[in-house]
Amino acid sequence: MTDNRRLIEDFLPVNSVGEAAASEPRTKGHISTLHVWRARRPLVACRAAVYGALVPVSKFVPENGPDNKKQSLGRANAAKFIERLCKYPGNPTVIKEAQRHILEAHAERLTGETGKKVTVEDIEEGRAPRPKVLDMFAGGGAIPLEALRLGCEAYALDLNPVAH
């Protein structure tokens, strides 16, 4: 049996993500001030959550080295990457790398489900579906926005008519 857990199930550097979210601008003219949502989600926190939900724990665990240290090294590697990913507004190079991680994980899942080899290029060229993210309580749309930024197909719903 393989470890199919995602980063969000094992480890996310919530202190670092929280600090980055707190430093996100909330000034007049910023997109987040277009409409005041009661439970506004900071963009960098949503980016971390979407990334963490789609990338497996094994992505950052080193293949060689002492077995008793692999887990902690994997968590340290994940923390370093997520801290770089969760800077506002976002480094395009790091976001591109995160997109690649997500598509690699999705290609691996699709290969296992279909029994046919699926590559990142297949997904990018439309021969295989992109990962889908659904936010059933979208509000201001931070989660779907970050899912789109990370190369996913996003769907959003909300009971609040302003969101429509």
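In this text, all values refer to a predicted model and were calculated from it rather than measured experimentally.

(A) Seen up close, the packing of helix α3 (residues 43-54) against helix α7 (residues 142-149). α7 packs onto α3 with a crossing angle of 60 degrees between their chain directions and a minimal axis gap of 8 Å. Taken as axis vectors, α3 and α7 run oblique relative to one another. Here α3 runs over α7; the crossing is right-handed. In contact with Leu 43, Cys 46, Arg 47 and Val 50 of α3, α7 contributes Ala 142, Ile 143, Leu 145, Glu 146, Ala 147 and Arg 149. The residue inventory of the contact of α3 with α7, partitioned by class, reads seven nonpolar, no polar and three charged.

(B) Inspection of empty space enclosed by the protein at higher detail. This model, assessed by the stated rule, comprises one cavity of 30 Å³ or more. Elements with a minimum of two residues in the lining of the largest cavity: α1 (7-10) and α4 (67-85). With four residues, the top contributor of residues to the lining of the largest cavity is α4. Residue classes in the lining of the largest cavity are distributed as five nonpolar, two polar and two charged.

(C) Inspection of the packing of aromatic side chains at higher detail. Inspection of the entire model under this criterion finds two aromatic pairs. Consider the rings of Tyr 51 and Phe 81, whose centres lie 5.4 Å apart with planes at 40 degrees: the pair is tilted. You can see Tyr 51 sitting in helix α3 and its partner Phe 81 sitting in helix α4, a full 30 residues away along the chain. Here Phe 81 falls in the buried class, since its relative accessible area comes to 3%. Ring centres 5.9 Å apart and planes at 35 degrees place the aromatic pair Phe 60 and Phe 81 in the tilted group.

(D) Region of the structure containing the pairing of strand β1 (residues 132-135). Judged by which residues are buried, β1 turns out to be one-sided: Val 133 and Asp 135 face inward and are buried, whereas Lys 132 and Leu 134, on the alternate face, are not. Here four bridges tie β1 to strand β2 (residues 153-156), and the two strands are oriented parallel to one another. Bridged to Val 133 within β2 is Ala 154. Handedness of the β1-α7-β2 crossover: right-handed.

(E) Examining the side chain of Lys 70 more closely. Tracing the backbone through its elements, the reader meets Lys 70 in helix α4. The exposure class of Lys 70 is buried, given its relative accessible area of 18%. Sequence-distant contacts of Lys 70, defined by excluding residues within four places in its chain, comprise Val 61, Pro 62, Glu 63, Asn 64 and Gly 65.

The rules behind each value
Residues numbered from 1 in each chain as written. Predicted model: local features only at pLDDT ≥ 70, side-chain atom pairs only at ≥ 80, totals over all residues. Heavy atoms only, no water. Axes fitted to C-alpha atoms, helices over the stretch in contact; angles between N-to-C directions. Helix = DSSP H or I, 4+ residues; strand = E, 2+ residues; numbered from the N terminus. Parallel < 35°, antiparallel > 145°, perpendicular 65-115°, else oblique. Left-handed = near helix turned anticlockwise from the far one by under 90°. Contact = heavy atoms within 4.5 Å. Nonpolar A, V, L, I, M, F, W, Y, C, P; charged D, E, K, R; others polar. 1 Å grid on protein atoms, 1.4 Å probe; cavity = no way out; pocket = protein on both sides within 12 Å on 5 of 7 lines; lining within 4 Å. Points joined across faces, edges and corners; volume = space filled by probe spheres on them. Phe/Tyr/Trp six-rings, centres within 6.5 Å; stacked < 30°, edge-to-face > 60°. Buried < 20%, exposed > 50% of the residue type's maximum accessible area, 1.4 Å probe, protein only. Pairing = 2+ DSSP bridges. Right-handed = clockwise from strand over helix to strand, strands pointing away.

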